[in-house]
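Structural overview
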Amino acid sequence: MQKIRKGDTVVVLAGRDKGKRGEVLAVTGDTLYVAGVNMVKRNVKPNPMKNEPGGIVSKEAPLHISNVAIYNPAAQKADRVAIKVVDGRKQRVFRSSGQAI
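Definitions and limits used
- Residues numbered from 1 in each chain as written.
- Predicted model: local features only at pLDDT ≥ 70, side-chain atom pairs only at ≥ 80, totals over all residues.
- Heavy atoms only, no water.
- Pairing = 2+ DSSP bridges.
- Helix = DSSP H or I, 4+ residues; strand = E, 2+ residues; numbered from the N terminus.
- 1 Å grid on protein atoms, 1.4 Å probe; cavity = no way out; pocket = protein on both sides within 12 Å on 5 of 7 lines; lining within 4 Å.
- Points joined across faces, edges and corners; volume = space filled by probe spheres on them.
- Nonpolar A, V, L, I, M, F, W, Y, C, P; charged D, E, K, R; others polar.
- Buried < 20%, exposed > 50% of the residue type's maximum accessible area, 1.4 Å probe, protein only.
- Lys, Arg positive; Asp, Glu negative; His and termini not counted.
- Salt bridge = Lys/Arg side-chain N within 4 Å of Asp/Glu carboxyl O.
- Polar contact = N/O pair within 3.5 Å; in protein donor to acceptor, adjacent residues only side chain to side chain.
- Contact = heavy atoms within 4.5 Å.

**Looking at the sheet that holds strand E7 (residues 68-72)**
Strand order across the open sheet formed by six strands is E6-E3-E2-E1-E7-E8, with antiparallel pairing between neighbours. Each of the sheet's edge strands pairs with one partner strand only, and the pair in question is strand E6 (63-64) and strand E8 (77-79). For strand E1 (residues 9-12) and strand E2 (residues 21-28), the ladder comprises three bridges, and the chain directions are antiparallel. Bridge pairing in E2 places Val 11 opposite Arg 21.

Next comes the structure, spelled out in structure tokens:
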């Protein structure tokens, strides 16, 4: 079971965007994409078949999963994730409080 999933709110722990918060857009293996974090500029060629203009585009670059922590809204800070079995099903919970995510 993945500890951080698409749609979770996370806090960046390391790198140039340390302290920023954002929603996880996608998780691919041990990297993930966070909205508005680790932005890079890319030169894009125009694609007339898809009616897309070319130019310089800002987009998210991947972050390693170890450089983010899930955001706990009750404690208003970053937290770790534990996995507990509740009624025969695995469930993600916050380490600090034991509250379900």
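**Observations regarding the layout of surface pockets**
Each pocket or cavity is described by its volume, and for the largest pocket that value is around 170 Å³. Lining of the largest pocket is provided by Lys 3, Ile 4, Leu 13, Ile 65, Ser 66, Val 68, Ala 69, Ile 70, Asp 79, Arg 80 and Val 81. A per-element tally of the lining of the largest pocket places E7 first, with three residues. Here the residues of the lining of the largest pocket are counted per class, giving seven nonpolar, one polar and three charged.

**Let's talk about the side chain of Asp 79**
By the element assignment, Asp 79 lies in strand E8. Despite its burial, Asp 79 remains without a salt bridge, the nearest opposite charge being carried by Arg 80 at 5.7 Å. A polar atom in the side chain of Asp 79 sits 2.5 Å from the side chain of Ser 96. Leaving out residues up to four positions away in the same chain, Asp 79 has contacts with Ala 69, Ile 70, Asn 72, Phe 94, Arg 95 and Ser 96.

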